[in-house]
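Breakdown of the fold
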Amino acid sequence: TLNLPEALAETNASIIFSDPDRGISIGPVTAVSSNSISFKVNIEPLSCLRQIPVITGPNYVLTVTVGQQIYSSLTISNQDSLGCEASDFETIWNLPDSWKMLSDTIIDEKGREYINSFISPDKSIYKNVILSVPENIMPGNYSIRATVINNSSNYNKTLVIPVKVVPPIIINQVKPYS
């Protein structure tokens, strides 16, 4: 036995359940009998609404020794609505002078590495990066900026990653243990 609220059980009740993000609406009720209920279901093509991408990275200060390499990763998420096609995302790195990008690889959610950065709506990719810090740089605090651009909309988001460069450990005297 199906017990529906009276408002839903009335023919032509004006209640409509709608999910515009998924392109579906259900209702109103068009017919009611003792063992069934009929209602309209409307499925429309999803509209495309472009959004600012999300970029996340380490939530701590990266520490590296002068002349060494930094290994890190980023997550880039396409926030476009489901009615949009996959978008091409570009990452622009702003590094301190004389620092070099050694690797900028893309890893999908299944761990596969690939070259292009097309991301479907509501999906993410992971970028592994390797940066080289020059030997002649002064120890101190630096910033790396990664700007992600959705080339389908030109919406972009920048992540600032703090880096602490420390001097190398120098051993200038060794004393025997006595």
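Residues numbered from 1 in each chain as written. Predicted model: local features only at pLDDT ≥ 70, side-chain atom pairs only at ≥ 80, totals over all residues. Heavy atoms only, no water.

1. Observations regarding the overall build of the protein chain
- A tally of regular secondary structure across the protein chain gives 1 helix and 13 strands.
- A total of 178 residues make up the protein chain; the buried ones form 29% of that total.
- Put simply, 61% of the contacts in the protein chain that link residues at least 6 apart link residues at least 24 apart.
- Of the accessible surface of the protein chain, which amounts to about 12000 Å², a share of 51% is contributed by carbon and sulfur atoms. (Helix = DSSP H or I, 4+ residues; strand = E, 2+ residues; numbered from the N terminus. Buried < 20%, exposed > 50% of the residue type's maximum accessible area, 1.4 Å probe, protein only. Contact = heavy atoms within 4.5 Å. Areas by Shrake-Rupley, 256 points an atom, 1.4 Å probe, with all protein chains shown as cover.)

2. Here we look at unusual backbone geometry
- Cis geometry is adopted by the peptide bond preceding P28, which originates at G27 and carries an omega value of 5°.
- The residue P28 is located in strand β2 (residues 24-32) in this model.
- Located in the positive-phi region is S98, a residue other than glycine, with phi close to 70°.
- Along the polypeptide, S98 turns up in the loop between β7 (87-94) and β8 (100-107).
- Here N154, not a glycine, exhibits a phi torsion of approximately 65°, which is positive.
- As for its placement among the helices and strands, N154 is situated in the loop between β12 (140-150) and β13 (155-166).
- Here N154 falls in the exposed class, since its relative accessible area comes to 55%.

3. Re the pattern of salt bridges
- A complete count under the given rule lists 1 salt bridge for this structure.
- Residue R50 is joined to D80 by a salt bridge in which the shortest nitrogen-to-oxygen separation is 2.6 Å. Separated by 30 residues along the polypeptide, R50 in the loop between β3 (37-43) and β4 (54-56) and D80 in the loop between β6 (69-77) and β7 bring together distant segments of the chain.
- Overall, the relative accessible area of 22% leaves R50 in the partly exposed class. (Salt bridge = Lys/Arg side-chain N within 4 Å of Asp/Glu carboxyl O.)

4. Side note on a nonpolar patch on the surface
- Nonpolar side chains collect at one region of the surface, where I15, F17, I24, I26, F39, V41 and I43 lie side by side and expose about 630 Å² of accessible area between them.
- Among the elements of the structure, β2 and β3 are those that each provide at least two residues to the nonpolar patch.
- Counting residues per element, the nonpolar patch draws most heavily on β3, which supplies 3 residues.
- Structurally, the position occupied by I24 is in strand β2.
- Of the residues examined, I24 reaches a relative accessible area of 30% and is grouped as partly exposed. (Patch = residues over 30% accessible without salt bridge, like charges linked within 9 Å, V, L, I, M, F, W, Y side chains within 5 Å.)

5. Focus: the sheet that holds β3
- Strands sit in the order β1-β2-β3 across an open sheet of 3 strands; the sheet is antiparallel. Strand pairing shows two members of the sheet lacking a second neighbour, β1 (17-19) and β3, which therefore form its edges. Taking the axes of each pair of neighbouring strands and ignoring which way they run, one obtains an average angle of 20° across the sheet.
- Judged from the 6 bridges that link them, β2 and β3 form a sheet pairing that is antiparallel. The partner of A31 across the bridge, within β3, is S38. (Pairing = 2+ DSSP bridges. Axes fitted to C-alpha atoms, helices over the stretch in contact; angles between N-to-C directions.)

6. Structural notes on the nonpolar core
- Counting residues in each nonpolar core, the largest one holds 24 residues, and the members touching the most others are I70, W99, I144, V163 and V165.
- Beyond its immediate sequence surroundings of up to four residues, V163 is in contact with V61, L62, V64, I70, W99, G140, N141, Y142 and I144. (Core = buried A, V, L, I, M, F, W, Y, C linked by side-chain atoms within 4.5 Å.)

Purely spatial values, then, with no claim about function.
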